[in-house]
Amino acid sequence: VKKPGQTISKGHKNYELMLNLQLGIRYSVGKLASATQMRELRQGDFDPREKFWTRFPPEGSKITPPHQSVEFRWKDYCPMVFRHLRKLFAVDPADYMLAICGDDALRELSSPGKSGSLFYLTQDDRFIIKTVKKSEVKVLVRMLPNYYQHVCQYKGSLVTKFYGVHCIKPIGGQKVRFIVMGNLFCSKYRIHRRFDLKGSSHGRMIDRAEGDIDETTTLKDLDLNFVFRLQHYCFEELLDQIDRDCEFLEAEGIMDYSLLVGLHFCSDTLTPKTGKKSASEFQYEESGFEDMGQVLDDRRPLIRLGVNMPARAEQTRLRSGSDMYLSSWGGSTTPSKRGETYDVILNVGIIDILQDYDISKKLEHAYKSLQADPTSISAVDPKLYSKRFRDFIKRIFVEDR
Ligand code: ATP
Ligand code: CA
Ligand code: CA
């Protein structure tokens, strides 16, 4: 399987940035592991001022190793909290360091979002590093106490798992801020299709002129032509958890997040069960997937909410002409006409949760409202956003009876 992204080696324009990031992470994780014993969190650990600058001169210092690039400063935000979060999310410090700081450890993904953020993926696929805006760091640090509480309380929470927030400032250069998070698509089941779903329709279709759709293409709301049938217990748990996660995000004033869905088509159902083959895009003839029988027969013990959830994906036959799509989704939850059904494994999570409804989003709302139905555009206030998001989710996930 071809891995997505480009390995960053010497000569790459972000090579230095990557080296700095690796030096920084190694330093931060190493320092915490050796010096301080793990202790209970205190309120002060969440203090936004709880951040530490460290100087990395090329010749090295008492606490930093020598290195090849220009001098830079490194900042850790609330390191103690993230140490606890990594523990909570069962990330071993040594694995973490190795995954990020090993040789050839990072691949740069060709920027998947519109925001201009850079994305790096570790070779083992477990972690994603994303460069973020100052405002996003602010939002994260502000929500950190409640985020911490939320993920402690709900082990099955679908919101992004954050492992660290840092900043690099090369001498004479710009600050680069970034977050380390869990890769939602790190699964033993190969992901064949991925969707980034917001519940809004304006501009929510990929540009087909840009090339072939394949496993690494992130499809959007209007490209979705499935409903997902879930077993009763999975269905309830998922929808309840999405409700709780959305309530949390709404209370934090967040909007513009997405439900990221990864689909693995199980091998024995790669060709439709009913009738002739449908769109050529689903003709996965290759085999070599793991034995699905066991997973699908013996569901309960193997399932963790969010990853590797068995489901049946039913093609709705609603192709993405947007008007048809909207009117068809508007009414009933089940499409009147049953399409072809596939057994799938789902990976789902809520991502991009650091955007608050700030002045730029309010302006975007005002501006786009001139061209499109105001309720169809992504930028709406957090309350409306959450409602629309959940309404949409309730239409694409249905209970398998
Ligand atoms: P925009 O604000 O324009 O939506 P962005 O730069 O903030 O874009 P994200 O929405 O965070 O970017 O992510 C863009 C894409 O990157 C997602 O659609 C998804 O395909 C991938 N991605 C982001 N976060 C994760 C994650 N935690 N696990 C797996 N894939 C991810
Ligand atoms: Ca996004
Ligand atoms: Ca974003």
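Predicted model, so just to flag it, every value in this text is computed and none were measured.

So, how was this worked out
Residues numbered from 1 in each chain as written. Chains lettered and ligands numbered in written order. Predicted model: local features only at pLDDT ≥ 70, side-chain atom pairs only at ≥ 80, totals over all residues. Heavy atoms only, no water. Donors = N, O, S within 2.8 Å, 3.2 Å for Na, K, Ca; no water. Helix = DSSP H or I, 4+ residues; strand = E, 2+ residues; numbered from the N terminus. pLDDT = per-residue confidence, 0-100. Contact = heavy atoms within 4.5 Å. Pairing = 2+ DSSP bridges. Axes fitted to C-alpha atoms, helices over the stretch in contact; angles between N-to-C directions. Salt bridge = Lys/Arg side-chain N within 4 Å of Asp/Glu carboxyl O. Buried < 20%, exposed > 50% of the residue type's maximum accessible area, 1.4 Å probe, protein only. Patch = residues over 30% accessible without salt bridge, like charges linked within 9 Å, V, L, I, M, F, W, Y side chains within 5 Å. Areas by Shrake-Rupley, 256 points an atom, 1.4 Å probe, with all protein chains shown as cover. Lys, Arg positive; Asp, Glu negative; His and termini not counted. Charge placed at Lys NZ, Arg CZ, Asp CG, Glu CD. Near = heavy atom within 4 Å. Polar contact = N/O pair within 3.5 Å; in protein donor to acceptor, adjacent residues only side chain to side chain. Nonpolar A, V, L, I, M, F, W, Y, C, P; charged D, E, K, R; others polar. Domains from an automatic or database assignment. Phe/Tyr/Trp six-rings, centres within 6.5 Å; stacked < 30°, edge-to-face > 60°. Lys NZ or Arg CZ within 6 Å of the ring centre and 35° of its normal.

> Looking at this model, I keep getting lost on the coordination of the calcium ion (ligand 3). Mind explaining?
Each donor-metal-donor angle would ideally measure 109.5 degrees in four-coordinate tetrahedral geometry, or 90 or 180 degrees in six-coordinate octahedral geometry. Protein ligation of the calcium ion (ligand 3) involves Asp352 (OD) and Asp352 (OD), the donor distances falling in the range 2.4 to 2.6 Å. As for its placement among the helices and strands, aspartate 352 is situated in the loop between β14 (341-351) and α9 (359-369).

> What am I meant to see in the confidence of the model for the protein chain here?
In regions of low pLDDT, the predicted coordinates are not meant to be interpreted in detail. Averaged over all residues, the pLDDT of the protein chain equals 83, while 83% of them reach at least 70. Below a pLDDT of 50 lies the segment residues 317-336, which in the model reaches 36 contacts outside its immediate sequence neighbourhood of four places, other chains included.

> Please clarify how the sheet that holds strand β5 (residues 119-122) should be interpreted in this entry.
What holds strands together in a sheet is hydrogen bonding between their backbones, with the strands either parallel or antiparallel. Spatially, the eight strands line up as an open sheet ordered β1-β4-β5-β6-β8-β7-β3-β2, and their pairing is antiparallel. Edge strands, defined here as strands with exactly one partner in the open sheet, are β1 (6-7) and β2 (51-56). Pairing of strand β4 (residues 106-109) with β5 involves four bridges; the strand directions are antiparallel. Within β5, the residue paired with leucine 109 across the bridge is phenylalanine 119. The sheet contacts of helix α2 (residues 79-88) involve β2, β3 (72-77) and β7 (162-170), and relative to β7 the element is tilted by about 140°.

> Is there a simple way to think about the pattern of salt bridges in this case?
This model, assessed by the stated rule, comprises 20 salt bridges. For aspartate 47, the salt bridge goes to arginine 49, with nearest N and O atoms at 2.9 Å. Salt-bridge contacts for aspartate 196 lead to arginine 204; the nearest nitrogen and oxygen are separated by 3.0 Å. A single burial state applies to aspartate 196 and to arginine 204, both of which are buried. Here the salt bridges do not stand alone but share partners, grouping Lys198, Asp256, Lys361, Glu364 and Lys368 into one network.

> When you look at a positive patch on the surface in this model, what are you seeing that I'm missing?
Together, Lys51, Arg73, Lys134, Lys138 and Lys175 make up a region of like positive charge exposed at the surface. Turning to its location among the elements, lysine 175 is positioned in the loop between β7 and β8 (176-182).

> Got a minute to help me understand the site of ligand 1 in this structure?
Neighbouring residues of ligand 1: 17 residues in total, closest Lys114, Ser115, Lys130, Leu184 and Asp196. Contacts to ligand 1 include aspartate 196, whose side-chain N or O atom sits 2.6 Å from an oxygen atom. Between ligand 1 and aspartate 352 there is a distance of 3.0 Å, counted from an oxygen atom to a side-chain nitrogen or oxygen. For ligand 1, the protein covers 89% of the area, taking 620 Å² as the surface of the free molecule. Among the secondary structure elements, those contributing two or more residues to the shell around ligand 1 are β6 (127-132) and β8. Its residues assigned to classes, the shell around ligand 1 shows seven nonpolar, six polar and four charged. Looking at the shell around ligand 1, you find at least three residues from each of domain 1 (6-182) and domain 2 (193-399).

> Even after reading the chapter, I still don't get the sheet that holds strand β15 (residues 397-399), so can you show me in this structure?
On the basis of which strands lie adjacent, the open sheet formed by seven strands has the order β10-β9-β12-β14-β13-β11-β15 and mixed pairing. Bordering the open sheet on either side are β10 (218-220) and β15, each of which pairs with just one other strand. Neighbouring strand axes in the sheet, compared pairwise and without regard to direction, differ in orientation by 40° on average. Where strand β12 (residues 258-265) lies against β14, eight bridges are found, and the strand directions are antiparallel. Note on β14: the bridge partner recorded for valine 261 is valine 348. Across the sheet, helix α5 (residues 232-251) touches β11 (226-230), β12, β13 (309-315), β14 and β15, and the angle it forms with β15 is around 140°. Packing of helix α10 (residues 382-396) onto the sheet brings it into contact with β9 (193-197), β11, β12, β14 and β15, and relative to β15 it is tilted by some 50°.

> Is there a simple way to think about unusual backbone geometry in this case?
The phi dihedral of cysteine 78 is positive, around 40°, even though this residue is not glycine. When its relative accessible area of 1% is taken as the criterion, cysteine 78 is described as buried. Even without glycine at this site, aspartate 352 takes up a positive phi of about 60°. For aspartate 352, a relative accessible area of 32% gives the class partly exposed.

> Quick question: what am I supposed to make of helix α3 (residues 93-101) here?
An α-helical turn contains 3.6 residues, so any two residues separated by three or four positions project in the same direction. Restricting attention to buried positions, one finds in α3 the residues Tyr96, Ala99, Ile100 and Cys101. The N-capping residue of α3, defined by a side-chain oxygen 3.1 Å from the backbone nitrogen of alanine 94, is aspartate 92.

> Even after reading the chapter, I still don't get the packing of aromatic side chains, so can you show me in this structure?
To describe a pair of aromatic rings, one takes the distance between the centres and the angle between the planes. Evaluated as defined, the whole model comprises 17 aromatic pairs. Plain terms: the ring middles of tyrosine 96 and tyrosine 163 are 6.2 Å apart, the flat faces sit at 80° to each other, and that makes the pair edge-to-face. Of the two residues, tyrosine 96 sits in helix α3 while tyrosine 163 sits in strand β7, which places them 67 residues apart along the sequence. Residue tyrosine 96 shares its accessibility class with tyrosine 163, and that shared class is buried. Ring pairs connect the aromatic residues Phe226, Phe228, Phe265, Tyr342 and Phe397, which therefore count as one cluster. Over the aromatic face of phenylalanine 52 sits the side chain of lysine 31, whose NZ or CZ is 5.7 Å from the ring centroid.

> How should I be thinking about the side chain of aspartate 356 in this particular structure?
Position of aspartate 356 among the secondary structure elements: in the loop between β14 and α9. Using a relative accessible area of 19% as the deciding quantity, one classes aspartate 356 as buried.

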